[in-house]
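Architecture and fold: a report
In case you want the letters, here they are:
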Amino acid sequence: MKTALLWAALFALPALARAAEPPATAASAPDAMTEAEVRKVDLTTAKVTLRHGEIKPLDMPAMTMVFQARDKRLLDGLKAGDKVRFKAAHEGGQFFVTELEPIK
Ligand SMILES: [Cu+2]
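The model shown is predicted, which means the values in this text are computed figures rather than measured ones.

This next bit is on unusual backbone geometry. Although it is not a glycine, Ala-46 sits at a positive phi angle of roughly 60°. With respect to the secondary-structure elements, Ala-46 resides in the loop between β1 (34-42) and β2 (47-52). The exposure class of Ala-46 is partly exposed, given the 18 C-beta atoms found within 10 Å. The phi angle at Asp-59 is positive, at roughly 55°, despite the residue not being glycine. Considering the arrangement of structural elements, one finds Asp-59 in the loop between β2 and β3 (63-69). We classify Asp-59 as exposed; it has 8 C-beta atoms within 10 Å.

Structure, rendered in C-alpha cells:
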C-alpha cells in the first residue's frame with residue numbers, strides 16, 4: 001500500500017511542475033515582453049537606453065529611447081550591447097521598464 005502511494009506521488013509531481021509553466025502561446029499575449037538591445041546604462045539615475053522592437057501593449061513602434069527603471073536592480077550587471085527582453089509601462093508622462101531579463 002505504501003509503495004503504491006509513493007509511485008503515485010512520483011508520477012504526480014512532474015505533471016504538476018509542467019502545469020506551472022506558462023503556456024506556449026505567451027509570446028503573442030498582450031503583455032508579451034519586447035526584445036531590445038541595450039545602448040546605454042546610467043546607474044546613478046537608473047535610466048537605460050534601449051533600441052527596442054515594437055511594444056504592442058504601448059502601441060509603440062520600434063525605436064531607440066530612454067526608459068526609467070522601476071527598480072534600479074533591474075539594471076544590475078547590464079551593459080551596452082546586451083540583448084534583453086523587457087516590459088514597459090507609461091505612467092505620468094514617463095516610460096518605465098518594469099521587468100527586464102537578458103536573452104541568452
Ligand atoms: Cu520607444
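You can see Leu-100 is positioned in strand β5 (residues 94-102). Sequence separation between Leu-100 and Ala-69 is 31 residues, and the spatial gap between their C-alpha atoms is 9.2 Å. The residues touching Leu-100, leaving out its near neighbours within four places in the chain, are Leu-74, Val-84 and Phe-86.

Glancing now at the pairing of β5. Regular strands have side chains that alternate between both faces of the sheet. Two strands pair when backbone bridges link them, and β3 and β5 are joined in this way by two bridges, in the parallel orientation. Paired with Gln-68 across the strands is Phe-96, a residue of β5. Pairing between strand β4 (residues 83-91) and β5: eight bridges, direction antiparallel. In the strand pairing of β5, Ala-88 is matched with Val-97. Where β4 folds back onto β5 in an antiparallel hairpin, the turn is made up of two residues, including Gly-92, whose phi is positive at roughly 55°.

A word on the sheet that holds β2. Pairing is mixed around the closed barrel formed by five strands, whose spatial order is β1-β2-β3-β5-β4. Averaged over all neighbouring strand pairs, the angle between strand axes comes to 55°, with direction disregarded.

Before going further, it helps to examine the environment of Phe-67. Here Phe-67 is to be found in strand β3. Residue Phe-67 is classed as buried on the basis of its C-beta count, with 23 C-beta atoms lying within 10 Å. Taking the C-alpha atoms as reference points, Phe-67 and Thr-98, 31 residues apart in sequence, are found 9.7 Å from one another. Excluding residues within four positions of it along the chain, Phe-67 makes contact with Lys-47, Val-48, Leu-50, Ala-88, Phe-95, Phe-96 and Val-97.

The next subject is the pairing of β2. A one-sided burial pattern is seen for β2, the buried positions being Val-48, Leu-50 and His-52 and the unburied ones Lys-47, Thr-49 and Arg-51. Pairing of β1 with β2 involves six bridges; the strand directions are antiparallel. Looking at β2, one finds that Ala-36 is bridged to His-52. Counting the residues in the hairpin turn of β1 and β2 gives four residues, including Ala-46, whose phi is positive at 60°. Two strands pair when backbone bridges link them, and β2 and β3 are joined in this way by six bridges, in the antiparallel orientation. Bridge pairing in β3 places Thr-49 opposite Val-66.

The rules behind each value
- Residues numbered from 1 in each chain as written.
- Predicted model: local features only at pLDDT ≥ 70, side-chain atom pairs only at ≥ 80, totals over all residues.
- Helix = DSSP H or I, 4+ residues; strand = E, 2+ residues; numbered from the N terminus.
- Buried ≥ 20, exposed ≤ 12 C-beta atoms within 10 Å, placed from the backbone.
- Contact = placed C-beta atoms within 7 Å.
- Pairing = 2+ DSSP bridges.
- Axes fitted to C-alpha atoms, helices over the stretch in contact; angles between N-to-C directions.

Everything listed is a geometric property; what it means functionally is a separate question.
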